[in-house]
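# Descriptive structure summary
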Amino acid sequence: MTADRFTIRSMSLSDLELALDWAATEGWNPGINDANAFFAADPGGFLMGEIDGELISSISAVRYDDTFGFVGLYIVKPDRRGQGFGLRTWNAGLQLLGDRNVALDGVVAQVENYRKFGFQAAYRHIRYEGVGIAIAPPDNVVSLKNIPFTDILQYDRQHFPASRPAFLEQWINPPARAGYAYIKNGNLSGYGVIRECRTGFKIGPLFADDAQIAETLFQCLSSFSFGKPIFLDTPDANPQAIALAESYGMKPVFECVRMYNRGTPNIDIAHIFGVTTLELG
């Protein structure tokens, strides 16, 4: 039987690039250079299912540390769906993550299925689409290249459930993206990254101490894609994030549900104006 020939193994970097192509086909619009950063987060945290050498399913089960993990890129090729391969791939991913608190961003239609595995909804991420504007950065906004990485890592940890140095070092540096930091009274008070995607550009993360800082960073990041489509994935648990997107004429085009299987982490959602990536958190 075909099911008996189904095997699951760790992905290579080229496998991950294929999975991102699948994600693009699904309409998820991944970034042009996402694969290297994703793979750096946890090289053993990506699984691929195959039958007789044919690659048919994928899942990311990234272990950021001993307490937190993230599930994403859960895809089965359309002609192989409904045959149990997805569930086996899913179970393999959860097994890899063990007893960590696991998060995911699930499409609304699948929320009830995720509840069966112990996941509970925390809030929604709403993707807004707009057009890049042009603005010159003020003096207190500088390139991330000019900020010590340890400062960026420390600030990021305040807004993400685990430290992610290997991922972040790749995320803020590859080509076809830009990052800015907001300095207030000599301290890092916000930062953001914008990257080129299959369609347009995505801003993420966008973390800031307050709405004014977030708006300034948004303007500077948006300038990187002047006149082109931009996307921002905002948590609806932060009304100021929604207000920021809508104040620039951005329109909602997609939404998903952030879910956790062992409780919502203690992070300040009021400082999250744009999630880093729906695939890895």
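Residues numbered from 1 in each chain as written. Predicted model: local features only at pLDDT ≥ 70, side-chain atom pairs only at ≥ 80, totals over all residues. Heavy atoms only, no water.

### Looking at empty space enclosed by the protein
Which parts of space are left empty comes out when a probe the size of a water molecule is rolled across the atoms. A complete count under the given rule lists 2 cavities of 30 Å³ or more for this structure. The calculated volume of the largest cavity comes to roughly 100 Å³. Every residue lining the largest cavity is counted, 15 residues in all, and those nearest its centre are His159, Phe160, Arg258, Ile272 and Val275. Breaking the lining of the largest cavity down by element, the ones donating at least two residues are β6 (120-131) and β12 (251-260). Among the residues making up the lining of the largest cavity, the classes are represented as 10 nonpolar, 4 polar and 1 charged. One number sums up the size of the second largest cavity: a volume of about 30 Å³. For the second largest cavity, the full set of lining residues is Arg195, Lys202, Ile203, Gly204, Phe231, Leu232, Asp233, Val275 and Thr276. Those elements that place two or more of their residues in the lining of the second largest cavity are β10 (201-208) and β11 (229-235). Across the lining of the second largest cavity, the residue classes tally to 4 nonpolar, 2 polar and 3 charged. (1 Å grid on protein atoms, 1.4 Å probe; cavity = no way out; pocket = protein on both sides within 12 Å on 5 of 7 lines; lining within 4 Å. Points joined across faces, edges and corners; volume = space filled by probe spheres on them. Helix = DSSP H or I, 4+ residues; strand = E, 2+ residues; numbered from the N terminus. Nonpolar A, V, L, I, M, F, W, Y, C, P; charged D, E, K, R; others polar.)

### Quick notes on the environment of leucine 87
Summarising the element assignment, leucine 87 is placed in helix α3 (residues 85-97). The spatial distance from the C-alpha of leucine 87 to the C-alpha of aspartate 139 is 52 Å, given a sequence separation of 52 residues. Residue contacts for leucine 87: discarding those within four places in its chain leaves Tyr74 and Phe117. (Contact = heavy atoms within 4.5 Å.)

### Let's talk about unusual backbone geometry
Omega for the peptide link from glycine 204 to proline 205 comes to 0 degrees, which places this bond in the cis form. Located in the positive-phi region is leucine 73, a residue other than glycine, with phi close to 50 degrees. Structurally, the position occupied by leucine 73 is in strand β4 (residues 68-76). Positive phi, normally seen in glycine, also occurs at alanine 176, with a value near 65 degrees. Residue placement: alanine 176 occurs in the loop between α6 (165-171) and β8 (177-184).

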